[in-house]
Number of protein chains: 2
Amino acid sequence: MSDENTLIFYDIPSKMGAWSPNTWKTRYTLNFKGIPFKTVWVEYPDIEKTLKDLGIAASATILDGKTPHYTLPAIYDPVTKTGLNASFAIAKYLDEKYPDKPTLAPRGTEALQKAYIDAIRGKLDALLQFMFPKAAWSLNERSEEYFRRARKQKYGKTMEEMYPQGEKRKEEWKRLEEGLGQIDKWYGKEDILVMGGKEKVCFADFAIAGFMISTRILFGKESEEWKDVSGWQRGRWGRMVQALAKYE
Amino acid sequence: MSDENTLIFYDIPSKMGAWSPNTWKTRYTLNFKGIPFKTVWVEYPDIEKTLKDLGIAASATILDGKTPHYTLPAIYDPVTKTGLNASFAIAKYLDEKYPDKPTLAPRGTEALQKAYIDAIRGKLDALLQFMFPKAAWSLNERSEEYFRRARKQKYGKTMEEMYPQGEKRKEEWKRLEEGLGQIDKWYGKEDILVMGGKEKVCFADFAIAGFMISTRILFGKESEEWKDVSGWQRGRWGRMVQALAKYE
């Protein structure tokens, strides 16, 4: 069901469908809110123009600290004629716009959630060198070329050079397990979600679940890698993704 | 007012009184809860024996991952005959023991607060090289000798070598300002405390305030350093310490 008032969600396509940890945060968000939406798939070279056409300013800069960096997810709400990007900002907008739906940034938790998101990014540091190449190999041709060039510029390595092999692979995979182990320690033993239990969802849950689902999609549901990640820390991450599956 | 049922708080003395960012978290906590307590001052070489006598296990290990690391703050509650250390664990114990007092780890926020505390430690990384030497120079003789030896072993540097000088000092001080700038971005512009506003205190506020008050004490209230830190980010940190002053 889609008409001219249907919210539009801008996502990045791949040969495996939606795959980006960042856009997944917003896909989860929209499904959690129960807001009907239409996905518009945008290849990497088209993101900048798409956002500019929607009147959305870049939410970050590249490493030089000046050049604007245009990123998805973004949404366009035809009812309020509002376009915006950045997944937390989108969640906040929807919290305000639909006050009758359950909120993702409950009063008093916003700064703490931002701290959580910042903290997990550091702990998941080891994941990116696996995830970027896997993403590059999964993208459609136009995006792949763009993605490879941008990452080469930022990290000085091709995707093939970045992807850890042999002993290095074992070490880095171990480092990822340890990083997730540090996050695990923040949680109560029986808790699945960051605010406790497995029912009370907040945006921070989608922030980490985005990385998890992206791992599952890029490596494959039956892969050794997903078996590892979903099983680590007594199966914490597999159970978390499971608990949020109804919002996929 | 102190009798045999008065809670005991174990803190580390210095020539400037209470100075440790970690024990300050618990001093704030006890004052916030309005729980009468008696401070017992423990010099560094006596911490291990003091905790062992109270039946408190080491809450961490040193870098080798094996040797137990005995740390303050600790408390002993004569009513329940409970001794425990680690500032968050102490706050949680007091939340449970005194349910009629305002709570420092409100339902649903515990994992988020732990993430916040982890995240700020990373952002305040540049502070330690200033704070450790200032602490060493402020400790009483027995503690100073112990503190210097332990830090030398961990960092391979004397306190004098660690303390940044000249250009390095400027760079590292700038790095501290930037780290605090990243924390500032999590907060709402008008908010003083992490859960918003300036009234609703949680443990995470004391975690960062501990670093602030320690800076104020070790450098001095009138120092250029405290003037800098308390003034950065539109005076955010000075105003925060001010808002919590009633719990000092």
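Residues numbered from 1 in each chain as written. Chains lettered and ligands numbered in written order. Predicted model: local features only at pLDDT ≥ 70, side-chain atom pairs only at ≥ 80, totals over all residues. Heavy atoms only, no water.

S.K.: I'd like to hear about the overall build of chain A, residue by residue, with values.
M.R.: Each helix and strand in chain A was counted, giving 10 helices and 6 strands. Here chain A has a C-alpha radius of gyration of 18 Å; the compact-globule value for 248 residues is 18 Å, and the two agree. Seen along its three principal axes, the alpha-carbon backbone of chain A occupies a region of about 55 × 45 × 35 Å. Across the 248 residues of chain A, 54% fall into the buried class. (Helix = DSSP H or I, 4+ residues; strand = E, 2+ residues; numbered from the N terminus. Rg over C-alpha atoms; globule rule 2.2 N^0.38 Å. Buried < 20%, exposed > 50% of the residue type's maximum accessible area, 1.4 Å probe, protein only.)

S.K.: Kindly report on helix α4 (residues 110-123) of chain B, identifying the contributing residues and their values.
M.R.: Helix length check: α4 of chain B, at 14 residues, gives a terminal C-alpha distance of 20 Å against a target of 20 Å (1.5 Å per residue), a fit within 8%. Looking at α4 of chain B, one finds that the buried residues are Ala111, Leu112, Gln113, Ala115, Tyr116, Ile117, Ala119, Ile120 and Lys123 of chain B. (Expected span 1.5 Å × (residues − 1).)

S.K.: For the relation of the copies chain B and chain A, give the residues involved together with the corresponding values.
M.R.: After a rotation of 180° and a shift along the axis of 0.0 Å, chain B superposes on chain A with an RMSD of 0.0 Å. Here the two chains are linked by the operation of a two-fold rotation axis. Taking the C-alpha atom as reference, chain B places alanine 119 of chain B closest to the rotation axis, 2.4 Å from it. (Least-squares fit on C-alpha atoms with pLDDT ≥ 70 in both.)

S.K.: Could you give me a rundown of the pairing of strand β2 (residues 37-41) of chain B, with the residues and numbers involved?
M.R.: Residue and element names in this part refer to chain B. Pairing analysis gives 5 bridges linking strand β1 (residues 7-11) to β2, with the strands arranged parallel. In the strand pairing of β2, tyrosine 10 is matched with valine 40. As for the winding sense of the linkage, the β-α-β connection from β1 through helix α1 (residues 21-33) to β2 is right-handed. (Pairing = 2+ DSSP bridges. Right-handed = clockwise from strand over helix to strand, strands pointing away.)

S.K.: Before we move on, can you summarise the pattern of salt bridges with the specific residues and values?
M.R.: Residue and element names in this part refer to chain A. Evaluated as defined, the whole model comprises 42 salt bridges over all chains. Where arginine 149 meets glutamate 145, a salt bridge forms, and the shortest distance between an N and an O atom there is 3.2 Å. Taken together, the positions of arginine 149 and glutamate 145, both in helix α6 (residues 141-155) and 4 residues apart, correspond to about one turn of that helix. Put simply, Lys92, Glu110 and Lys114 are held in one network by salt bridges that share partners. (Salt bridge = Lys/Arg side-chain N within 4 Å of Asp/Glu carboxyl O.)

S.K.: Before we move on, can you summarise the UniProt feature "domain: GST N-terminal" (unreviewed entry) in chain A with the specific residues and values?
M.R.: UniProt feature "domain: GST N-terminal" (unreviewed entry): in the numbering of this structure it lies at residues 10-102 of chain A. End C-alpha atoms of residues 10-102 of chain A are separated by 23 Å, and the span's content is 33% helix alongside 20% strand. (UniProt positions renumbered as here; feature names shortened; annotations may be inferred.)

S.K.: Break down the interface of chain B and chain A for me, citing the residues and quoting the values.
M.R.: Contacts between the two partners involve 16 residues from chain B and, on the opposite side, 17 residues from chain A. Sorting the residues of chain B by area buried against chain A places Ala111, Leu112 and Trp186 of chain B first, and these three jointly supply 41% of that buried surface. Taken together, the links from chain B to chain A amount to 2 salt bridges. Here lysine 123 of chain B ties to aspartate 118 of chain A by a salt bridge, and the two come within 3.0 Å at their closest N and O atoms. Connecting chain B to chain A are 2 residue pairs in polar contact (both at pLDDT 80 or more). If you tally residues by element for the side of chain B that touches chain A, the top one is α4 of chain B, at 9 residues. Class assignment for the residues of the side of chain B that touches chain A results in 10 nonpolar, 3 polar and 3 charged. (Contact = heavy atoms within 4.5 Å. Buried area = accessible area lost by both parts, 1.4 Å probe. Polar contact = N/O pair within 3.5 Å; in protein donor to acceptor, adjacent residues only side chain to side chain. Nonpolar A, V, L, I, M, F, W, Y, C, P; charged D, E, K, R; others polar.)

S.K.: Which residues make up the environment of proline 13 of chain B, and what values go with them?
M.R.: All names here are of chain B. You can see proline 13 is positioned in the loop between β1 and α1. When the C-alpha positions of proline 13 and valine 40 are compared, they lie 9.1 Å apart, and in sequence the two are 27 residues distant. Not counting the four nearest positions on each side in its chain, proline 13 is found in contact with Trp19, Trp41, Val42, Glu43, Leu139 and Asn140.

S.K.: Quick one: what's the story with the pairing of strand β6 (residues 82-85) of chain B, residue by residue and with numbers?
M.R.: Residues and elements named next belong to chain B. Strand direction decides the pairing type here: strand β5 (residues 74-77) and β6, joined by 4 bridges, are antiparallel. The residue bridging isoleucine 75 from the neighbouring strand is leucine 84, located in β6. Between β5 and β6, which pair antiparallel one after the other, the connecting turn spans 4 residues, and lysine 81 there sits at a positive phi close to 55°.

S.K.: Lay out the domain arrangement of chain A with the relevant residues and their values.
M.R.: All names here are of chain A. Taken as a whole, chain A is organised into domain 1 (7-97) and domain 2 (110-247). Listed as interface residues are 24 residues of domain 1 and, on the opposing side, 29 residues of domain 2. Carbon and sulfur atoms supply 68% of the area buried between domain 1 and domain 2, which totals about 2,600 Å² over both sides. The interface formed by domain 1 and domain 2 contains 2 salt bridges. A salt bridge links arginine 142 to aspartate 46; its shortest N-O distance comes to 2.9 Å. With 8 residues, the single largest contributor to the side of domain 1 that touches domain 2 is helix α1 (residues 21-33). Of the residues assigned to the side of domain 1 that touches domain 2, the class counts are 14 nonpolar, 4 polar and 6 charged. (Domains from an automatic or database assignment.)

S.K.: Now, about the nonpolar core: what can you tell me, with residues and values included?
M.R.: Formed by 147 residues in total, the largest nonpolar core has its most connected members in Tyr116, Ile183 and Met240 of chain A together with Tyr116, Ile183 and Met240 of chain B. Contacts of tyrosine 116 of chain B, omitting those with residues within four sequence positions, involve Leu112 and Ala115 of chain A together with Ile183, Trp186, Tyr187, Val194, Ala204 and Ile208 of chain B. (Core = buried A, V, L, I, M, F, W, Y, C linked by side-chain atoms within 4.5 Å.)

S.K.: So, the side chain of aspartate 184 of chain A: which residues are in play, and what are the values?
M.R.: Residues and elements named next belong to chain A. For aspartate 184, the location among the structural elements is in helix α8 (residues 166-186). One polar contact links aspartate 184 to arginine 236, side chain to side chain, over a distance of 2.5 Å. Aside from chain neighbours lying at most four places away, what touches aspartate 184 is Gln233, Arg234, Arg236 and Trp237.

S.K.: Outline the sheet that holds β6 of chain B, listing residues and values.
M.R.: Backbone hydrogen bonds are what pair the strands of a sheet, in a parallel or an antiparallel way. Residue and element names in this part refer to chain B. The strand order β2-β1-β5-β6 describes an open sheet built from 4 strands, whose pairing is mixed. The open sheet has two edge strands with one neighbour each: β2 and β6. Taking the axes of each pair of neighbouring strands and ignoring which way they run, one obtains an average angle of 20° across the sheet. Contacts from α1 reach β1, β2 and β5, with the element oriented near 155° to β1. (Axes fitted to C-alpha atoms, helices over the stretch in contact; angles between N-to-C directions.)

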